[in-house]
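If you want the building blocks of each chain, they are given just below.
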Amino acid sequence: MGTDLHELLRSLRVWDPEVTQLRPFDPANAPAEPLPLFTAWFAEAVAAGQKEPHTMSLATADADGTPDVRIVMLHGADADGWAFATHATSRKGGQLAARPYAALCFYWPALGRQVRLRGPVTAAPAQESQGDLHARSTGALAAALTGRQSEVLGAVEELAQASEAAWERAQQEPDAPVPTWTLYRLRPDEVEFFQGDERRQHVRLNYRRDESGWAKELLWP
């Protein structure tokens, strides 16, 4: 007998106190810019035992405006933006070429927190992109060398063969170039910090970039 999806959904609980610690957040004490707050929240997520806190949803749109979303890994965040990487020839790479604007979302359920960003995206120079790749693991290089991301795969055996060859090359040539590998940076126009509350009085602090720097505003939950 199959699983009843609706019953399963009703059985689940959001922010179970056994695994979630909802912390107070006073936006009046928030810094003038979003990056220091993001850095602090990220460190607190790590300290709270949040699994894979560096993963985030990346939303893009194609040339026709059709949205797309997937999970990617944060490669860094600084004054130049929030960084991630992919092949320029991948689906998301093509979408970013057509519409160089995207949104990111981090979700850290251990603390009942989200961070959402929107803004233009730029590609880093080739030398910097290759440096980012070669600073990562052998597995990351092997995956990049496998290539053909988002193309139709004829059979799993093809992937196994290509991956095996890529792993061998990555181990023998740790500086092997992957010309399509690109580091992207999202420079946010908006950054929202969401702190969940057990009484659903969620705190939402939104930073908006303006001509003088950053403006802060509260949003209704």
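One structure accompanies this document, and this report is about it. (Residues numbered from 1 in each chain as written. Predicted model: local features only at pLDDT ≥ 70, side-chain atom pairs only at ≥ 80, totals over all residues. Heavy atoms only, no water.)

### Section: the packing of aromatic side chains
Heads up, the rule is: Any two rings among Phe, Tyr and Trp, with Trp reduced to its six-membered ring, count as a pair given centres within 6.5 Å; such a pair is stacked if its planes are under 30 degrees apart, edge-to-face if over 60, and tilted if neither. A ring is considered to have a charge above it if a Lys NZ or an Arg CZ atom is located within 6 Å of its centre and within 35 degrees of its normal.
Tallied over the full model, the rule gives 12 aromatic pairs. Every member of this aromatic cluster is reached through a ring pair, and the members are F25, W41, F193, Y207 and W214. Residue placement shows R113 over the ring face of W41; its charged tip is 4.1 Å from the ring centre.

### Points about the pattern of salt bridges
Note on pairing: side chains with opposite charge can pair once their charged atoms come close. Test applied: Whenever Lys or Arg places a side-chain nitrogen within 4 Å of a carboxyl oxygen from Asp or Glu, that contact is recorded as a salt bridge. For helices the rule is a DSSP run of H or I covering at least 4 residues; for strands it is a run of E covering at least 2, with both sets numbered from the N terminus onward. Three exposure classes are used, based on accessible area relative to the maximum for each residue type with a 1.4 Å probe and protein chains only: buried under 20%, partly exposed in between, and exposed over 50%.
Summed over the entire model, instances satisfying the criterion amount to 11 salt bridges. A salt bridge links E192 to R204; the nearest nitrogen and oxygen atoms lie 2.6 Å apart. Note that E192 is positioned in strand 8 (residues 190-195) and R204 in strand 9 (residues 203-210), a separation of 12 residues in sequence. Classification of R204 as buried rests on a relative accessible area of 18%. One network of salt bridges, in which partners are shared, links R23, E44 and R113.

### Let's talk about the pairing of strand 2 (residues 67-73)
Rules: At least two bridges found by DSSP between two strands is the condition for calling them paired.
Direction of pairing for strand 1 (residues 55-61) relative to strand 2: antiparallel, over a ladder of seven bridges. Across the sheet, residue T55 finds its bridge partner in strand 2, namely M73. Connecting strand 1 to the next strand, strand 2, in antiparallel fashion are five residues, including G65 with a positive phi near 90°.

### Points about the layout of surface pockets
What counts, and what does not: Here a cavity is any set of points on a 1 Å grid over the protein atoms alone where a 1.4 Å probe fits but cannot get out, and a pocket is any open set with protein on both sides within 12 Å along at least 5 of 7 lines; a residue lines the site when it has an atom within 4 Å of a point. Grid points are joined across faces, edges and corners, and a volume is the space filled by probe spheres set on the points. Ten residue types, Ala, Val, Leu, Ile, Met, Phe, Trp, Tyr, Cys and Pro, are classed as nonpolar, four, Asp, Glu, Lys and Arg, as charged, and the remainder, Gly among them, as polar.
Approximately 260 Å³ is the volume attributed to the largest pocket. In terms of lining, the largest pocket is formed by 15 residues, of which the most central are A85, A140, A143, Q149 and W181. Looking at the lining of the largest pocket, the elements with two or more residues in it are strand 2, strand 4 (81-87) and helix 5 (138-146). Taken together, the residues of the lining of the largest pocket break down into eight nonpolar, six polar and one charged.

### A closer look at unusual backbone geometry
One non-glycine residue, W15, adopts positive backbone phi at about 55°. Checked against the element boundaries, W15 lands in the loop between helix 1 (5-11) and helix 2 (34-47). One non-glycine residue, R148, lies in positive phi territory at about 60°. Of note, R148 is situated in the loop between helix 5 and helix 6 (156-172). Using a relative accessible area of 56% as the deciding quantity, one classes R148 as exposed.

### Here's the deal with helix 4 (residues 126-134)
We count it as follows: Taking the helix axis as origin, the arc is that swept by the directions to the C-beta atoms. Two residues qualify as a contact provided that any one of their heavy atoms is within 4.5 Å of a heavy atom in the partner residue.
When we look at burial in helix 4, the residues that qualify are S129, Q130, D132 and L133. Each buried residue of helix 4 lies within a common arc of 155° when the element is viewed along its axis, so the set occupies one face. Summarising the contacts, the buried residues of helix 4 are in contact with strand 4, helix 5 and strand 7 (181-186).

### Notes on the nonpolar core
Note the threshold: Here, nonpolar core means buried Ala, Val, Leu, Ile, Met, Phe, Trp, Tyr and Cys residues that are tied together by side-chain atoms lying within 4.5 Å of each other.
Membership of the largest hydrophobic core comes to 28 residues, with the highest contact counts inside it found for F106 and V115. For this core, the secondary-structure elements that each account for two or more residues are helix 2, strand 1, strand 4, strand 5 (101-108), strand 6 (113-123), strand 7, strand 8 and strand 9. In this view, V115 contacts F38, W41, L104, C105, F106, W108, V191, E192 and F193; residues no more than four positions away in its chain are not counted. Listed in part, the 14 residues of the second largest apolar core include L141, A142, A166 and V178.

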